[in-house]
Amino acid sequence: MGALEGLRILDMTQYEAGPGCTQALAWLGADVVKVESFDGDPGRGPAGHGDYFITWNSNKRSISIDLRKSEGRELLLELLPNYDVFIENYSPGSMERLDLGYDVMKAVNPGIIYARIKGFGLSGPWSGYKCFDMVAQAAAGAFSITGELDGPPMRPGPTMGDAGTGVQMALAITAAYVQKLKTGKGQKIEVSMQEAMTWYLRTAAARGQRPGTKPATRSGNGYMPTSRLYQCKGGGPNDYLYVMGTTETMWENFCAVIGRLDFLEDSRFGSRRDRTKNVDALVPEISAWVAERDKYTAMREFCEAGVPASAVLDTNELYENPHLVERGFVHEVEHPELGKIRLLGWAPRMSESDVPIKAAPILGQHSREVVGQDLGLTDDDIDSLLADGVIRGQKAP
């Protein structure tokens, strides 16, 4: 049984921020019905089932409706009373143009939780601007702390502007659902991608709350000799180790690992401040030791001595990593058109909530199933909707 079994969601989202949110809820047991146009979520790509779409839309059902037709809009509103949540992340003004705002949906389903993800929110001078992941990250300060100290701002690698916003919306929806179970009332939820991203910048931004302070600098790959990136044997683009020995005990263990206990008696390295000041004396010594080992060997030697470190895994290595595989984090699932595919899993482990991961749906795969079950329509009724171009899906068997 999934923890959120019973929670039903109409998911009118696209790309990643919204789909990431609803996928998280689906992995916790919610029934997520993805509402798509006849062209489908743009994240599907030309083939309709690209890797990007598959990654963010597992465990959902897909219904394809032409909302530009009055019959399609009415069909969506007929479905609405069967659901607890409606969520969208379209461009500013899209829901208003379709006349599917909160007041309209609340009139049909007073208990609806109406969730909206917008780049810059629903108010303020930037509210009308379109936004994607990296735009939100730039607006939240992430670029400003990424890159080398003397270099330009740099685009971060992870898509936290999308995925990070989605997780925060998923938490808000779950909280609103708990509140609804207590009070019977729905509500409107708004999450700004710019504001959501600042959550992940709080450590760096903390000093900015004091007037007159300088902004946080770029983080680079580490400036302390015991907390930085080192190249390993192999010569590949990701043959690197990141080690992060921050405490005095870790410094002692660090010296033992690299066979330089004499460093503990050297006044140049007596404190963390001293080691940072004399980084040019330490880094060549550490680099030489690391360069003689492959990244996994160097990682093991540091970690077994109690010094946090990790090999730099590339994105392909994640699917083969023995640790992730043994923990069951890499899943092999059957896709209706592609056959067996591999997906990375969901980090939270809950002893009383178990939801097997399923492949993302093909466009309109569940149109017949959803309208039949939720509205009690016959096969002939559904075939008429298909013939009239109101929905897209499979004909009756």
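Just so we're clear, the structure is a prediction, and the values are computed from it rather than from any experiment.

*Asks:* I keep staring at the nonpolar core and nothing clicks. Help me out?
*Replies:* Nonpolar side chains in soluble globular proteins tend to end up buried together. Counting 28 residues, the largest nonpolar core has I9, L25, I87, M169, I173 and I189 as its most contacted members. Mapped by element, the contributors of at least two residues to this core are α1 (17-27), β4 (85-88), β5 (113-118), α7 (160-183), β6 (187-192) and α8 (193-198). The contacts of I9, once residues within four sequence positions are left out, are T22, L25, A30, D31, V32, V33, Y83, V85 and I87. Within the second largest apolar cluster, 27 residues are counted, among which are L75, L77, Y83 and Y114.

*Asks:* I keep staring at the layout of surface pockets and nothing clicks. Help me out?
*Replies:* Once rolled over the atoms, a probe with the size of a water molecule shows which space is left empty. For the largest pocket, the calculated volume is near 1000 Å³. Along the walls of the largest pocket sit 31 residues, with T55, W56, Y319, L344 and G345 positioned nearest its centre. If you list the elements that add at least two residues to the lining of the largest pocket, you get α1, α2 (51-56), α7, α14 (317-320) and β11 (339-344). Counting residues per element, the lining of the largest pocket draws most heavily on α2, which supplies five residues. Across the lining of the largest pocket, the residue classes break down as 20 nonpolar, eight polar and three charged. Within this model, the second largest pocket holds a volume of roughly 740 Å³. Forming the walls of the second largest pocket are 25 residues, and the residues nearest its centre are T146, S219, G220, N221 and Y242. Within the residue set of the lining of the second largest pocket, elements represented by two or more residues are β8 (240-244) and α11 (272-277). Taken together, the residues that form the lining of the second largest pocket break down as eight nonpolar, 12 polar and five charged.

*Asks:* Explain the packing of helix α16 (residues 367-375) against helix α17 (residues 379-387) here, please?
*Replies:* Where α16 meets α17, the axes come as close as 10 Å, and the angle between the chain directions of the two elements is 130 degrees. Our classification of the angle between α16 and α17 gives oblique. Every pair of crossing elements has a handedness; the one defined by α16 and α17 is right-handed. Across the interface between the two elements, R368, V371 and G372 of α16 pack against D379, I382, D383 and L386 of α17. A class-by-class count of the residues in the contact of α16 with α17 yields three nonpolar, one polar and three charged.

*Asks:* Looking at this model, I keep getting lost on the side chain of K60. Mind explaining?
*Replies:* Residue placement: K60 occurs in strand β3 (residues 60-65). In this structure the side chain of K60 is engaged in a polar contact, spanning 3.0 Å, whose partner is the backbone oxygen of P19. Polar side-chain contacts of K60 include one of 2.8 Å to the side chain of T22. When residues no more than four places from it in sequence are discounted, the contact partners of K60 are D11, P19, T22, Q23, V32, P361 and H366.

*Asks:* I tried to follow the sheet that holds strand β9 (residues 309-311) on my own but got confused; where do I start?
*Replies:* The strands making up a sheet are joined through hydrogen bonds of the backbone, oriented either antiparallel or parallel. As summarised here, the arrangement of the three strands in space is β7-β8-β9, forming an open sheet in which the pairing is antiparallel. Across the chains shown, the open sheet's two edge strands, defined by having one partner strand only, are β7 (227-231) and β9. For this sheet, the mean inter-axis angle between neighbouring strands, taken without regard to orientation, is 15 degrees. Contacts from helix α13 (residues 295-304) reach β8 and β9 within the one sheet, and its direction differs from that of β9 by about 165 degrees.

*Asks:* Would you explain unusual backbone geometry in this entry?
*Replies:* Here N59, not a glycine, exhibits a phi torsion of approximately 65 degrees, which is positive. With respect to the helices and strands, N59 occurs in the loop between α2 and β3. Even without a glycine there, the phi angle at D99 is positive, about 55 degrees. Considering the arrangement of structural elements, one finds D99 in the loop between α4 (94-97) and α5 (102-108). Residue class for D99 comes out partly exposed when judged on its relative accessible area of 42%.

*Asks:* I'm lost on the environment of K130 in this one. Help?
*Replies:* The residue K130 is located in the loop between β5 and α6 (133-140) in this model. Residue K130 is classed as exposed on the basis of its relative accessible area, which comes to 65%. Sequence separation between K130 and P92 is 38 residues, and the spatial gap between their C-alpha atoms is 6.9 Å. Filtering out sequence-adjacent residues up to four positions away, K130 remains in contact with S91, P92 and F120.

Procedures and definitions
Residues numbered from 1 in each chain as written. Predicted model: local features only at pLDDT ≥ 70, side-chain atom pairs only at ≥ 80, totals over all residues. Heavy atoms only, no water. Core = buried A, V, L, I, M, F, W, Y, C linked by side-chain atoms within 4.5 Å. Buried < 20%, exposed > 50% of the residue type's maximum accessible area, 1.4 Å probe, protein only. Helix = DSSP H or I, 4+ residues; strand = E, 2+ residues; numbered from the N terminus. Contact = heavy atoms within 4.5 Å. 1 Å grid on protein atoms, 1.4 Å probe; cavity = no way out; pocket = protein on both sides within 12 Å on 5 of 7 lines; lining within 4 Å. Points joined across faces, edges and corners; volume = space filled by probe spheres on them. Nonpolar A, V, L, I, M, F, W, Y, C, P; charged D, E, K, R; others polar. Axes fitted to C-alpha atoms, helices over the stretch in contact; angles between N-to-C directions. Parallel < 35°, antiparallel > 145°, perpendicular 65-115°, else oblique. Left-handed = near helix turned anticlockwise from the far one by under 90°. Polar contact = N/O pair within 3.5 Å; in protein donor to acceptor, adjacent residues only side chain to side chain. Pairing = 2+ DSSP bridges.

Interpretation in functional terms is not warranted from these geometric data alone.
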